[in-house]
Every structure is written in C-alpha cells, then in structure tokens.
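These are the residues of each chain, in order.
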Amino acid sequence: MDLFFDSLPSTSQSSPRNGHEDSQMVQREDYDLSREKSLSVSMTEIQEQHTSSSIDNVSRRVQELVEKINHSRISDQKVMDSLQEKLMEKVKEICQQMKEHMYTVYEENSNEMQVKLQELSEVLESCTKLNDELLEACQALTSLREGLAITQT
C-alpha cells in the first residue's frame, strides 16, 4: 500500500525542498522505477511460466486423451474380433444343424420313395399278369374262332 501512495503526487501544499530532500526523492523515484521494472519483469516471468505451465498441462491432457482413444480403439478391436469369432462359431453351428436336417429330410424322402417304388413295382407286376392273362384270352378266342371257322366249312 505504501508503494501506491508513494508514487502519487502530493496534493498538499508544501514548502520547497532543499537539495538533500531532492536527492532522496530522486533516489526514491529511482528505487520505485527499479522496483516497478522488477515487478513488471517478475509478472512477465510469472505469466510466461503460467502460460508455459498451461501449455504443458494442455499438452499433457491431449496426450492422455490420445492414449485413452488408442486404448479404446484397441478395446473396440478386441470386442469386434471376439464378436467375429462368436459369429463364425454360430454360423458353423447353424450350418451343421442345416446339414443334419437336410440329411434327415433326404432319409425321410428316400423312405417315402422306397414305399412308392414298392407300390409301383407291385402295380407293374399286376399289369404284367393282366397282360399275360389278356394274351391267353386272346389266344383262346383266336383258337375258338379258328375252330368255329373249320366246323362251318
């Protein structure tokens, strides 16, 4: 506080000072100017240190954020790799189930076709017997007609 009031011009009226007082005043003014410069330099240094400290803090924080992002990316990649492996296993499992179902359907169809083929075979055998019987009947009728034609002549 003294420094503030010392640097202000005096508002009270005073008698002129003698040479000794003038030299003290010049010395005091030099001291005050030197102190102001020193304070100004100190303030500048403090501001520069603060600015440098702030820049260092920002730089450190940015580096931490970059590292955090990189760790997150690595974690994301691990999650995606794990998901891919699980999906591949699930796809393999589902494909295996589909194959098994397909083979079951093939077997059921084969059994049904076997039954149908057996029925077809029985029908064809019956047709063959009927065809044989028709041929015998045709031959008998032919023989009968020939026998009738001979007797009529």
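It should be emphasised that the depicted structure is a prediction, and the values quoted were computed from it without experimental measurement.

Any details on the pattern of salt bridges? Residues and values, ideally.
All told, the structure shown has four salt bridges when counted by the stated rule. Of the charged contacts in the structure, one is a salt bridge between Glu64 and Arg61, with a shortest N-O distance of 3.6 Å. Residue Glu64 and its partner Arg61 are located together in helix α2 (residues 19-152), separated by three residues, close to a single helical turn. Judged by relative accessible area, Arg61 falls into the partly exposed class, the value being 47%. One salt-bridge network, in which partners are shared between bridges, spans Arg60, Arg61 and Glu64.

I'd like to hear about the confidence of the model for the protein, residue by residue, with values.
Summarising the model, the protein shows a mean pLDDT of 81, and 67% of its residues fall at 70 or more. Here residues 1-17 is a poorly scored stretch, pLDDT under 50, and it has six contacts once near neighbours within four places are set aside; other chains count.

Quick notes on the rules
- Numbers given for residues are sequential positions, taken from 1 along each chain in its written order.
- Per-residue local features of the predicted model are confined to residues with pLDDT of at least 70, and side-chain atom pairs are confined, for both listing and counting, to 80 or more; whole-chain, interface and lining totals are unaffected and use all residues.
- The side-chain quantities take in all heavy atoms of the structure and omit both hydrogens and water.
- Basic side-chain nitrogens of Lys or Arg form a salt bridge, by our definition, when they fall within 4 Å of a carboxyl oxygen of Asp or Glu.
- A run of H or I in DSSP counts as a helix once it spans at least four residues, and a run of E counts as a strand once it spans at least two, with each numbered from the N terminus.
- Only protein chains enter the accessibility calculation, which uses a 1.4 Å probe. A residue is then buried if its area is under 20% of the maximum for its type, exposed if over 50%, and partly exposed in between.
- The quantity known as pLDDT measures the predictor's confidence residue by residue, on a range of 0 to 100.
- Only heavy atoms matter for contacts: two residues are in contact if any of them lie within 4.5 Å across the pair.

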